[in-house]
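Spelled out from the first residue to the last, the chains are:
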Amino acid sequence: MGPAEFFSFREHDLDGAKAAVGKDFFTTSMDLRDRTASYDFRFDGVVLGALAVGVAHVSAGLEIGMADLEDCYYVNYSASGSMAARHRLHAVEVTPGFGAVYHPVGPVAMTTSDEYGSYAVRIERGAVNDALEEQLGHPVPPDPVLEPRVDLRSAAGRRWDRLVRLLCEEARTASSVLTHPMVAAPLHDAVIAGFVHVTGHRWQGALERPARCWSRIPVWRAVDAIRSDPTQPFTPTTLARLAGASPRTLHDGFRRHLDTTPMAYLRAVRLQHAHAELRSAQPGGTTVAEVAHRWGFGHVSRFSQAYRRVYGRAPGTTLRGR
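Residues numbered from 1 in each chain as written. Predicted model: local features only at pLDDT ≥ 70, side-chain atom pairs only at ≥ 80, totals over all residues. Heavy atoms only, no water.

### Concerning the sheet that holds strand β7 (residues 83-87)
Adjacent strands of a sheet form backbone hydrogen bonds with each other and so pair up, either parallel or antiparallel. Spatially, β2-β5-β10-β7-β8 is the arrangement adopted by the five strands of the open sheet, whose pairing is antiparallel. Strands at the two margins of the open sheet, each flanked by one partner only, are β2 (28-32) and β8 (90-94). Across the sheet, the axes of successive neighbouring strands diverge by a mean angle of 15 degrees, strand direction being ignored. Contacting β2 and β5 (62-66), helix α1 (residues 14-24) crosses the sheet at an angle of about 150 degrees to β2. (Pairing = 2+ DSSP bridges. Helix = DSSP H or I, 4+ residues; strand = E, 2+ residues; numbered from the N terminus. Axes fitted to C-alpha atoms, helices over the stretch in contact; angles between N-to-C directions. Contact = heavy atoms within 4.5 Å.)

Spelled out as structure tokens, the structure:
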């Protein structure tokens, strides 16, 4: 995955808005429902590898059209206001708590309310297939058919919504932690893997059944990879590939044999290295935030809490040599 690419647009005319959306999402047609209405468009987000996430707001109702998306799946859901969407003979009402899912093939027509705020998620079609296969542990047909509506009120939906909002918040931050691969890569994979769990499809039941891992071998392979180079931008998916198991199977193996999860184990190893760096740092040579971000901790407050639980003191105390 390459470096994060951030975008931020403010437009007051439709041509500018269409150009902004077309640059990082899709080519669209846009028309005001009320041609006399004043118009303001805001769009902020980030492109990470196979994923693009953004948050948009339009002040006046729009009629929006898109041709085939071709190489991507696209999800749009409401932060405020409502939208009526039509895609592949399905009509979907997009209101807070629900979103529309658009396939690579088939035109899209959308009608928004005034003051419509929305989250937009674009995922490359190959990444969706890969995520399904990795979660299931077996091949699936190309371009799986997904349900046209996603419920974000479910437990999985709420988790996925939090991830999307977190990426959008970071996209608006001047010194975003998404510039650190050890932070960005797990978030990238979590959004894509979460998508195949939250949206409906024929394999939903299989994903909900527990995956068992009786052998210790995949666990030891993942442990060895982590301890050999904890600076790698590991994700549950990349660790599972190295271990020769599906992410769900590896997760069960870590639970069964080490009473933890792969990512929790990775964070614990990185915390040890951060502790060593804080102890050896020269006064004034670094900060707690710099050390935390270098070792893949996106939020300094959470890093400090984890550090205090393990070492019984604040990381700043260690850095000052007390």
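Read on for the rest.
### Re α1
Of all the positions in α1, only L14, G16, A17, A20, V21 and D24 are classed as buried. Taken around the axis of α1, the buried residues stretch over an arc of 160 degrees, which confines them to a single face. Across α1 from its buried face, at more than 90 degrees, point the exposed residues D15 and K23. As for α1, its buried residues are in contact with β1 (5-11), β2, β3 (41-48), β4 (51-58), β5 and β11 (116-124). In this structure D13 caps α1, since a side-chain oxygen of it lies 3.1 Å from the backbone nitrogen of D15. (Buried < 20%, exposed > 50% of the residue type's maximum accessible area, 1.4 Å probe, protein only. Arc of directions from axis to C-beta. Polar contact = N/O pair within 3.5 Å; in protein donor to acceptor, adjacent residues only side chain to side chain.)

### Quick notes on the sheet that holds β4
One open sheet accounts for seven strands, arranged β1-β3-β4-β11-β6-β9-β12; its pairing is antiparallel. Each edge of the sheet is formed by a strand with only one pairing partner; in this case those strands are β1 and β12 (149-151). Strand-to-strand twist across the sheet, computed as the mean angle between neighbouring axes with direction ignored, equals 20 degrees. Here strand β6 (residues 72-80) pairs with strand β9 (residues 98-102) via four bridges, running antiparallel. The partner of Y74 across the bridge, within β9, is Y102. This element, α1, spans β1, β3, β4 and β11 of the sheet and lies at about 170 degrees to β1. Contacts between helix α2 (residues 125-136) and the sheet are confined to β6 and β11, with β11 contributing the most and set at about 75 degrees to the helix.

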